[in-house]
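# What the coordinates show
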Amino acid sequence: MPLSQDMTSDLEPGLLDALQHQVALFARRAEQTRLGGVGQVRNSMDRAAYLLLNRLDLEGPMGVKALAAGMGIDSSTVTRQVAPLVDTGLVKRTSHPEDGRAVVLQLSPRGQARLGEVRSSRRELMAQVTDGWTEDERESFCTLLTRFNSALSVRAAGQQESGTPAS
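Residues numbered from 1 in each chain as written. Predicted model: local features only at pLDDT ≥ 70, side-chain atom pairs only at ≥ 80, totals over all residues. Heavy atoms only, no water.

## A word on the overall build of the protein chain
Applied cut-off: Helix and strand assignments come from DSSP, with helices taken as H or I runs of at least 4 residues and strands as E runs of at least 2, each series counted from the N terminus. Burial classes follow relative accessibility: with a 1.4 Å probe on protein chains only, a residue under 20% of its type's maximum area counts as buried, one over 50% as exposed, and anything between as partly exposed. Contact definition: two residues touch when any of their heavy atoms are within 4.5 Å. In short, Shrake-Rupley with a 1.4 Å probe defines the accessible areas, and a residue's cover is counted only from the protein chains shown.
On a plain count of helices and strands, the protein chain comes out with 7 helices and 2 strands. Shown N-terminal to C-terminal, the secondary structure of the protein chain runs as helices and strands in the order α-α-α-α-α-β-β-α-α. Taken across its 167 residues, the protein chain has 22% of its residues classed as buried. A sequence separation of at least 24 residues applies to 48% of the contacts in the protein chain between residues at least 6 apart. When the accessible area of the protein chain is evaluated, it comes to approximately 11,700 Å², of which 56% is carbon and sulfur surface.

Written out as structure tokens, the structure is:
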């Protein structure tokens, strides 16, 4: 739901302008570097693949619909993004343990190993980028970024439910 002028009148316009500018810069820099990490695995896994593999690793095997719902994206998008992961052996399709007719997606051993490499590379990048930050600063940044992403997710879900296009 867009903020009305009344809702933003108590907020500092200069601070909101600075915030939106920093978010725009972050988005551009994140796309430029793809936050891909360091070393040989840098930029070797796109954002969609990383997020899908990471979710399968953290939550276990699941169907396309559950994966899409958990990520807040359309099932057809997940199907399209998973296809190359299956083709390269990072994800495997298996029968659902309780309903053999249903198919679930599962991280393969190769996918698990590759995800581990990418996580390690990205962890090193985060360590380098935040070098000189205290542990409290890293935790605060992570907490605030998580909160920000959650608010964006709630907003996007509300727009999908109401049929309002995301802006």
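## Things to note about the packing of aromatic side chains
Here is the rule we go by: Put simply, two rings from Phe, Tyr or Trp (the six-membered ring, in Trp's case) pair if the centres are within 6.5 Å, and we call them stacked under 30 degrees between planes, edge-to-face over 60, tilted for the rest. For a Lys NZ or an Arg CZ to count as sitting over a ring, it must be within 6 Å of the ring centre and within 35 degrees of the ring normal.
All told, the structure shown has 1 aromatic pair when counted by the stated rule. Directly above the aromatic system of Y50 lies the positively charged group of R122, at a separation of 4.0 Å from the ring centroid.

## A closer look at the pattern of salt bridges
Going by this rule: The term salt bridge refers to a side-chain nitrogen of Lys or Arg lying within 4 Å of a carboxyl oxygen of Asp or Glu.
Within the structure shown, the criterion is met by 4 salt bridges. Between E59 and R55 there is a salt bridge, and its shortest N-O distance comes to 2.4 Å. Placement of the pair is E59 and R55 together in helix α3 (residues 47-59), with a separation of 4 residues, close to one helical turn. Residue R119 pairs with D57 through a salt bridge whose shortest N-O separation is 2.8 Å. Highlighted residues: R119 in helix α6 (residues 109-129) and D57 in helix α3, separated in sequence by 62 residues.

## A short note on a nonpolar patch on the surface
The condition is simple: Like charges within 9 Å and nonpolar side chains (Val, Leu, Ile, Met, Phe, Trp, Tyr) within 5 Å are joined into patches, using only residues over 30% in relative accessible area that form no salt bridge.
Taken together, L11, L16, L19, V23, F148 and L152 make up a surface patch of nonpolar side chains, about 460 Å² in accessible area. The biggest single contributor to the nonpolar patch is helix α2 (residues 13-33), with 3 residues. In this structure, L152 sits in helix α7 (residues 135-162). By relative accessible area, which is 44% here, L152 ends up partly exposed.

## As for the packing of helix α4 (residues 64-71) against helix α5 (residues 75-87)
Convention followed: Axis definition: a line fitted to C-alpha atoms, limited for helices to the stretch in contact. Angles are taken between N-to-C directions and run from 0 to 180 degrees. In these notes the angle categories are as follows: under 35 degrees is roughly parallel, over 145 is roughly antiparallel, 65 to 115 is roughly perpendicular, and the rest is oblique. Charged residues are taken to be Asp, Glu, Lys and Arg, nonpolar residues to be Ala, Val, Leu, Ile, Met, Phe, Trp, Tyr, Cys and Pro, and polar residues to be all remaining types, Gly included.
At a minimum axis separation of 8 Å, α4 and α5 run at an interaxial angle of 110 degrees. Between α4 and α5, the angle falls in the class roughly perpendicular. Contacts between α4 and α5 involve V64, K65, L67 and A68 on the former and, on the latter, S75, V78, T79 and V82. Looking at the contact of α4 with α5 residue by residue, the class counts come to 5 nonpolar, 2 polar and 1 charged.

## Here's the deal with the nonpolar core
Which entries qualify depends on this criterion: Grouping buried Ala, Val, Leu, Ile, Met, Phe, Trp, Tyr and Cys residues that are joined through side-chain atoms within 4.5 Å yields what is termed a nonpolar core.
Ranked by internal contacts, the top residues of the largest apolar core, which has 18 residues, are L53, L56, L67, V82, L85 and V91. Where this core is concerned, the elements lending two or more residues are α3, α4, α5, β2 (103-107) and α6. No other element matches the 5 residues that α3 contributes to this core. Apart from the residues lying within four places of it in its own chain, the contact partners of V91 are L53, L56, V82, L85, V86, L105, Q106 and S108.

## Side note on the side chain of R119
What counts is decided by this rule: Counted as a polar contact is a pair of N or O atoms within 3.5 Å, where, for protein atoms, one must be capable of donating a hydrogen and the other of accepting one, and residues adjacent in sequence contribute only when both atoms are in side chains.
Side chain to side chain, R119 and D57 meet in a polar contact 2.8 Å long. Discounting chain neighbours no more than four positions away, the residues touching R119 are Y50, N54, D57 and L58.

These figures come from the coordinates and say nothing about function on their own.
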